[in-house]
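What follows is the residue order along each chain.
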Amino acid sequence: MLRGIFITILTIGIIGTSYWGYKEHQEKNAVLIQAENNYQRAFHDLTYEIDLLHDKIGTTLAMNSRDSLSPALADVWRVASEAQSDVGQLPLTLLPFNKTEEFLANIGDFSYRAAVRDLGSDPLSEKEYKTLQQLYSNAEDIQKELRKVQHLVIENNLRWMDVELALASGQKQADNTIIDGFETVEKNVEAYTESDFGPSFSSLKNKEGEFANLEGNKIDEKKAQQVAKDFLGLKGDVVADVTENGDGSKLGFYSLRIDDPDSKSEIFMDITKKGGYPIWVIQHRDVKEAKVSLNEASNNAVKFLRDHNFENQELFESAQYQNIGVFNFVAVKDGVRIYPDSIKMKVALDDGHIIGFSAKEFLQNHKEREIPKPSITLEDARDKVNPNLEVMEDRLALIVNDLEEEVLCYEFLGVINNDTYRLYINAETGFEEKVIKLKNAEPLYNQS
């Protein structure tokens, strides 16, 4: 009797375990098949988009009408962005393919900057046409190599999962067609220099991430600790872990981690090596129930900026997220807002202390500027604004447009129905440079 029960239970256990193993195997296979399908889709989409990119660039070279050229260049930008997205979906983490991604990004940037500018008054130069011809030729090289890989993938039923395993294990498989093909593409792209995009494009790229206008001498780690202590208003001996930025970084800075015994919290901050300017500060601590109003917190932020020699900063945006106030400041000169010179701050609403500070944009962009006089009047600029906008405020402002150029604009703040917008009309040409929809107040879903 007992033996029979034992055999029955054992049989049920074996059947259950087998069924569980079978289901696990099925689910694992389903996940692998889905991953393989996604890789195959991204690869074939990439091949198609490089084909399309080549055709689109060729089409722009054949165009003569300025009206047709702008949308065609915008198409080149769109296709290059989609191709870049597909590269990111392939399992190429362990295979150097960054030059190809960078090349696609550069094509996108070049075509976008040309597409959004007024080609009627500022047509493509001979050098830019030569750049397009070079891009056309380069895209053809990539297209040929990818088509060759695609042909072999289809003919030999090659799987991307095998590529991923080969890359992860570092072992050579019998057939490395895909890896070899992508390595060939990457090697060819390395030969395309950035100078192909023209000197203005190169100078723009080189400017990224640099603090070109900082003044002062280079500081050491000891001086960086003293800067941190003074900036944060810490008393007594301060113990900080200091590390230098990596070799590949364009920004020269020290990163500090400080234990603050008063607030029993950790503070993290970066300080530039040149001149010893704080780039950003974050204090990690629990922020309790709000006892300080948003207005009072903004006054604390203004005082903090003045105490640390950030003069002529004007608050232009504020918001409250739970018990934290977030404030955006912008520099003002001769009554003109200088948006590139902006500073962001966070203030804890339980005690009104500063818990976040970022001056990266200010440090990268701040310099002595001569503000030009506007060529058109405020009334002329207002005529360019959407007539449905009910204008509440207007002023002059310096902004960075889509071509990464600083331009003087008339700024209009107004509403259409229940939405608030900022519009920027170029004060020299009357061109509508930017339209920004401001965020509405977030609804509170946890309140009945």
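Everything numeric in this text was worked out from a predicted model, so none of it was measured.

Here's the deal with the overall build of the chain
And step 1. Looking only at helices and strands, the chain has 11 helices and 12 strands in total.
And step 2. The globule rule puts the C-alpha radius of gyration for 448 residues at 22 Å, and the 29 Å found for the chain is more than 25% above it.
And step 3. A principal-axis box enclosing the C-alpha atoms of the chain has dimensions of 85 × 75 × 55 Å.
And step 4. For the chain, the proportion of its 448 residues judged to be buried stands at 38%.
And step 5. When the accessible surface of the chain is split by element, carbon and sulfur atoms take 50% of a total near 26,300 Å².
And step 6. Computing the positive centroid from 50 side-chain charges and the negative centroid from 76, the chain places the two 3 Å apart.

Quick notes on the packing of aromatic side chains
And step 1. Under the definition given, this model contains 12 aromatic pairs.
And step 2. Aromatic pair W160 and F182: ring centres 5.6 Å apart, planes at 80°, arrangement edge-to-face. Placement of W160 in helix 5 (residues 160–169) and of F182 in helix 6 (residues 177–190) is noted, with a sequence separation of 22 residues between them. Judged on exposure class, the residue W160 and its partner F182 are both buried.

Description of the side chain of T60
And step 1. With respect to the element layout, T60 can be found in helix 1 (residues 2–62).
And step 2. A polar side-chain atom of T60 sits 2.5 Å from the main-chain carbonyl oxygen of I57.
And step 3. In contact with T60, other than residues within four places in its own chain, are L69, A72, L73, V76 and L132.

Some details on helix 4 (residues 126–156)
And step 1. Relative to the 45 Å expected for 31 residues at 1.5 Å per residue, helix 4 spans 45 Å between its end C-alpha atoms, a close match to the ideal helical length.
And step 2. Of the residues one or two after helix 4, N157 is the one with positive phi, at around 50°.

Thoughts on the nonpolar core
And step 1. By size, the foremost hydrophobic cluster in this structure holds 46 residues, and its most contacted members are W160 and F182.
And step 2. Those elements that place two or more of their residues in this core are helix 1, helix 2 (66–89), helix 3 (98–116), helix 4, helix 5 and helix 6.
And step 3. For this core, the leading source of residues is helix 4, giving 8 residues.
And step 4. Those residues in contact with W160 that sit more than four places away from it in its chain are E36, Y39, Q40, F43, L90, P91, L92, I178 and F182.

So, unusual backbone geometry
And step 1. Phi is positive for N309, which is not a glycine, with a value near 65°.
And step 2. Residue placement: N309 occurs in the loop between helix 9 (294–307) and strand 5 (313–321).
And step 3. Here the phi dihedral of N312 falls at roughly 55°; this positive angle occurs in a residue that is not glycine.
And step 4. In this fold, N312 is placed in the loop between helix 9 and strand 5.
And step 5. Note on N312: relative accessible area 56%, which makes it exposed.

Rules and cut-offs
Sequence order as written defines the numbering, with residues in each chain counted from 1. Where totals are concerned, whole chains, interfaces and linings use all residues; where local detail is concerned, this predicted model gives features only for residues with pLDDT of at least 70, and gives and counts side-chain atom pairs only at 80 or more. Hydrogens and water are ignored here; the side-chain numbers use all heavy atoms of the structure. Segments assigned H or I by DSSP are reported as helices when at least four residues long, segments assigned E as strands when at least two residues long, and all are numbered from the N terminus. In this setup the radius of gyration rests on C-alpha atoms only. A globule is expected at 2.2 Å times the number of residues raised to 0.38. Relative accessibility decides the category of a residue: with a 1.4 Å probe and only protein chains considered, values under 20% of the type maximum give buried, values over 50% give exposed, and everything between is partly exposed. Only the protein chains shown count as cover for residues, and all accessible areas are computed by the Shrake-Rupley method using a 1.4 Å probe. Asp and Glu count as negative and Lys and Arg as positive, but His and the ends of the chain are not part of the count. Where a charge lies is defined by one atom per residue type: Lys uses NZ, Arg uses CZ, Asp uses CG and Glu uses CD. Paired rings are identified among Phe, Tyr and Trp, the last through its six-membered ring, by centres lying within 6.5 Å, and are further divided according to the angle between planes into stacked (under 30 degrees), edge-to-face (over 60) and tilted (the rest). Side-chain atoms alone can form a polar contact between residues adjacent in sequence; in general such a contact is a pair of N or O atoms within 3.5 Å, and within protein one must be able to donate a hydrogen while the other accepts it. Whether two residues touch is decided by their heavy atoms; if any such pair falls within 4.5 Å, the residues are in contact. Working rule for helices: expected span equals 1.5 Å times residues minus one. Residues belong to a common nonpolar core when they are buried Ala, Val, Leu, Ile, Met, Phe, Trp, Tyr or Cys residues joined through side-chain atoms within 4.5 Å.

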